[in-house]
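Listed below, chain by chain, are the residues.
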Amino acid sequence: MKSLKIVMFFAALLIIAKPQAQTNSPTKPITVVVPYGAGGSADSRGRQLAQKMSLILKQPFVIDNKPGAGGNIGTEFVARAAPDGYTIGMGNFAPLAVNKTLFGTLRYDPETDLSPIILIEKGPLILVVNPNSQYKSIQDIVAAAKAKPGTLTFSSGGIGGSHQLSAELFMQNAGIQMIHVPYKSGSAALTDLMAGNVDMMFDQMYSAVPSIRADKLRPIAITSKKRSPLFPNVPSFAELGYPKVEVLNWQGFIAPAGTPKPIINKLNAAANEALKDPQLRELMLSQGNEIGGGTPADFAALIKSEAAKWSAVVKAGNIKPE
C-alpha cells in the first residue's frame, strides 16, 4: 500500500511538472526557418522580429534559409519538425494559401500539418509601369487590352506568387487577357520593366516605393481597399470600379502541428510584444505595410479565407506550376 502511494505521488509530480516545463520554455536556441532566400522580404522581416523576440524570451534565434519550390521546401521542413517550439517558420502567402491548389499535391497540408502562431504583417501591391509608358490609368490599360487581346505583358517573380495572382485577379474582373512573363525573382522582373521590356507589373510596396519616389516607375493603382498614405494620389482598384481586386501579401510565424498550446501562446505573446517596437513599426509602415499581431486563431482565420479565395483564382485562370 505504501509503495502504491509513492508511485501515485511521483505520477502526480510528473503531471504537474509537464505544463511547468512547457511554460518555462524556451531553454535553448530557437530556429526560424525561412522558405525563401537571404535578402528578401521574408528573410529580412524574420530576422528583424527574431532579434526582438530573442531579447524578450532571453534565448538566441537562429535563421535557417531553406528556399525552393515556391516556398514549399522550407514550409514542409517546419511541418515535419518536432512540435516542441524550437523550430518555427515564416508562414507566407503562397505556401499557406496558394500552393495546395497550384501544385495539386503537396508533401504537407497547410491546414493539418502546421499551427499558426501570429500574423506579422500584410500589405498591398501596386500596379506600376515604365515612366515612359503610354498607359497612364487603368482605363488606358483595359481599353488597350480589349482592343488587342493577349498583347499586353506583365512581369512577375514567378508562377503562383502575389505578382502574378494580382494580375490574374485583375484580368478576371476586367474581362481582359494579358501575357504573363515570369522571372526568377521579383527584382529581375522589376528591372526588365524599368528597361521597357514589359508593359507593367504588380509589385510589392516595399520593393516599388523607392523606384516610384525616384521617378523610375509610374504608379497606376493599388490593391488595398483604400489609398495608401504613402501615395495618396494613387487610386485603389476598388474606387476605380474593381472592388474584388483586393490583394494583401502577408506573412507570419508558424509551428509544426501538435506544438503544445502553452508554447504557441508564449511565442505569440513574445511576437506581439516585439511588434510594439517603435523602430520596427516605423520600418513596416514606411514600406506600405499594415502591422499584424493578434491571436493564433486570428492568423488561422486569415489563412483559411485566403486559401479559399486564391484556390478559386488559380482554378479560374488554369494556372499551372513551372
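Since this is a predicted model, take the numbers as computed values, not measurements. (Residues numbered from 1 in each chain as written. Predicted model: local features only at pLDDT ≥ 70, side-chain atom pairs only at ≥ 80, totals over all residues. Heavy atoms only, no water.)

1. Some thoughts on the packing of helix α2 (residues 41-57) against helix α10 (residues 261-274)
Phase 1: Close contact between α2 and α10 brings their axes to 9 Å; oriented N to C, the two are set at 115°. The angle between α2 and α10 places the two elements in the roughly perpendicular class. Here α2 runs over α10; the crossing is right-handed. Counted together, Leu49, Lys52, Met53, Ile56 and Leu57 of α2 and Lys266, Leu267, Ala270, Ala271, Glu273 and Ala274 of α10 form the full contact between these two elements.
Phase 2: Of the residues in the contact of α2 with α10, the class split is eight nonpolar, no polar and three charged. (Axes fitted to C-alpha atoms, helices over the stretch in contact; angles between N-to-C directions. Helix = DSSP H or I, 4+ residues; strand = E, 2+ residues; numbered from the N terminus. Parallel < 35°, antiparallel > 145°, perpendicular 65-115°, else oblique. Left-handed = near helix turned anticlockwise from the far one by under 90°. Contact = heavy atoms within 4.5 Å. Nonpolar A, V, L, I, M, F, W, Y, C, P; charged D, E, K, R; others polar.)

2. Here's the deal with the layout of surface pockets
Empty space among the atoms becomes visible once a probe the size of a water molecule is rolled across them.
Phase 1: Volume-wise, the largest pocket comes out at about 1100 Å³.
Phase 2: The element best represented in the lining of the largest pocket is strand β4 (residues 114-129), accounting for four residues.
Phase 3: Partitioned by chemical class, the residues of the lining of the largest pocket number 17 nonpolar, 24 polar and five charged.
Phase 4: Of the voids in this model, the second largest pocket is the one considered here, and its volume is about 300 Å³. (1 Å grid on protein atoms, 1.4 Å probe; cavity = no way out; pocket = protein on both sides within 12 Å on 5 of 7 lines; lining within 4 Å. Points joined across faces, edges and corners; volume = space filled by probe spheres on them.)

3. With respect to empty space enclosed by the protein
Phase 1: Considering all chains together, one arrives at one cavity of 30 Å³ or more under this definition.
Phase 2: Taken as a whole, the largest cavity spans an internal volume of roughly 60 Å³.
Phase 3: Considered class by class, the residues forming the lining of the largest cavity number five nonpolar, two polar and two charged.

4. A look at the packing of aromatic side chains
Phase 1: Using the criterion set out here, one finds seven aromatic pairs in the structure.
Phase 2: With a centroid separation of 6.1 Å and 55° between ring planes, the pair formed by Phe170 and Phe202 is classed as tilted. Here the residue Phe170 occupies a position in helix α7 (residues 162-174), and Phe202 occupies one in strand β7 (residues 200-204), the gap between them amounting to 32 residues. Neither Phe170 nor Phe202 differs from the other in exposure class; each is buried.
Phase 3: Aromatic side chains Trp250 and Phe299 sit 5.9 Å apart centroid to centroid with 90° between the ring planes, which places their arrangement in the edge-to-face category. Here Phe299 lies in helix α12 (residues 296-317) and Trp250 lies in strand β9 (residues 248-256), a separation of 49 residues in the sequence.
Phase 4: A residue is classified by how much of its surface remains accessible, and Trp250, at 2% relative accessible area, is buried.
Phase 5: The class for Phe299 is buried, based on a relative accessible area of 1%.
Phase 6: Among the aromatic side chains, those forming a connected cluster through ring pairs are Phe93, Trp250, Phe299 and Trp310.
Phase 7: The ring of Phe77 has Lys66 sitting right over it, with the charged end atom 4.4 Å from the ring centre. (Phe/Tyr/Trp six-rings, centres within 6.5 Å; stacked < 30°, edge-to-face > 60°. Buried < 20%, exposed > 50% of the residue type's maximum accessible area, 1.4 Å probe, protein only. Lys NZ or Arg CZ within 6 Å of the ring centre and 35° of its normal.)

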